[in-house]
Amino acid sequence: MKVITVRDYNELSAKAGQLITDLIRSKPDCTLGLATGGTPLGTYQYLVERYRAGDITLKDVQTFNLDEYCELPRCHPQSYYRFMHDNLFQHVDLQAENMHIPCTEGGDPQSQCDSYNTLLNSTTVDLQLLGIGSNGHIGFCEPGTPFTRETFLTRLSDKTRQDNQRFFNSLEEVPTTAITMGIKNILQARSILLIASGRGKAECVAQMINGPITEQVPASALRQHPNVTVILDQDAAALL
Ligand code: F6R
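A short tour of the structure in this document, coming up. (Residues numbered from 1 in each chain as written. Predicted model: local features only at pLDDT ≥ 70, side-chain atom pairs only at ≥ 80, totals over all residues. Heavy atoms only, no water.)

**Section: the layout of surface pockets**
Applicable threshold: Using only the protein atoms, space was sampled on a 1 Å grid; points where a 1.4 Å probe fits but cannot get out form cavities, open sets with protein on both sides within 12 Å along at least five of seven lines form pockets, and lining residues are those with an atom within 4 Å of a point. Grid points are joined across faces, edges and corners, and a volume is the space filled by probe spheres set on the points. Working definition: helices are DSSP H or I runs of at least four residues, strands are E runs of at least two. Numbering for both runs from the N terminus. We call Asp, Glu, Lys and Arg charged. Ala, Val, Leu, Ile, Met, Phe, Trp, Tyr, Cys and Pro are nonpolar, and the rest, Gly among them, are polar.
Taken as a whole, the largest pocket encloses approximately 440 Å³ of empty space. Taken together, 27 residues form the lining of the largest pocket, with G37, I132, G133, H137 and K201 sitting closest to its centre. If you tally residues by element for the lining of the largest pocket, the top one is helix α5 (residues 158-164), at three residues. Here the lining of the largest pocket is composed, by residue class, of 10 nonpolar, 13 polar and four charged. Here the second largest pocket defines a volume of roughly 200 Å³.

**Structural notes on the nonpolar core**
What counts, and what does not: Among buried residues, the Ala, Val, Leu, Ile, Met, Phe, Trp, Tyr and Cys ones that are joined through side-chain atoms within 4.5 Å form a nonpolar core. When a residue's accessible area, from a 1.4 Å probe over protein chains only, is under 20% of the maximum for its type it is buried; when over 50% it is exposed; and in between it is partly exposed. Residues are treated as being in contact if the distance between any of their heavy atoms lies within 4.5 Å.
Membership of the largest hydrophobic core comes to 37 residues, with the highest contact counts inside it found for I20, I24, L32, Y44, M84, L88 and F89. Sorting the residues of this core by element identifies β1 (2-6), α1 (9-26), β2 (31-34), α2 (41-52), α3 (80-87), β6 (127-130) and β9 (191-196) as the ones contributing at least two each. Looking at this core, the element that brings in the most residues is α1, giving five residues. For L88, the residues in contact, after removing those within four places along its chain, are L34, Y44, L47, V48 and F83. Ranked by size, the runner-up nonpolar core spans 26 residues in total, among them A35, A189, C204 and A237.

**Here's the deal with the sheet that holds strand β8 (residues 177-180)**
We count it as follows: A pair of strands is considered paired only if DSSP assigns at least 2 bridges between the two. Throughout, an axis means a line fitted to C-alpha atoms (over the contacting stretch in the case of helices), and angles, computed between N-to-C directions, take values from 0 to 180 degrees.
Strands sit in the order β4-β8-β7 across an open sheet of three strands; the sheet is antiparallel. Two strands in the sheet have a free side with no partner beyond their single neighbour: β4 (67-69) and β7 (152-155). Mean inter-strand twist for the sheet, computed between neighbouring axes without regard to direction, equals 30 degrees. Two elements, β7 and β8, share four bridges in a ladder whose sense is antiparallel. Its bridge partner lying in β8, R155 is registered against T177.

Any functional reading would require information beyond the geometric quantities listed.
Shown next, in the form of structure tokens:
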């Protein structure tokens, strides 16, 4: 695990965005695994700026998102489908057929998990972008998730729902379930880029890097992968 510490969130976003830009330039038809949440916003902004400057095209890039809330229609302002369109997809030349996000609308959740998993297993993700939950989750693989898990219907922990309440009007509005890639899917990527910012992530980052490799800290599974880069700002690195 290669750990890079930068000064602040802006530097983190530029560094992560530069790594993704380098990949897209060297492999224009690469497959990206994408994350949502607050942390990647600056990274996506950076990519949009590089696209607008004519430095990259995403016309042959494929994307696979980590997760999607259940209980929200795709048009809901807090669905991850909307998040990706608002913050990245609508601003670049990515083709609609190349964007993949778990579908949680209608249908049977198990078959939705199965079809997303089949799609994921038909490709190899070149770079998987990850954030980390304050409880150590990656994707929505909460503490206790077996490392062998593939795409599944997950119940969000109380901690995750509280952390994500900031995006909703009340805790009651935060979904209780989601479809997420499993840890096994995440570990199948050729490379992994995890970004973490702020003092609220310092404990889980320290556990991921220096604690035991345990299902209680899902991000610790990343230490079993040969090509992981972690970019932290100084606050997130405070306990290393
Ligand atoms: C989002 C995801 C989550 C977030 C994590 C951190 O697609 O899979 O694991 O990366 O909850 O979220 P933020 O960045 O909002 O702190």
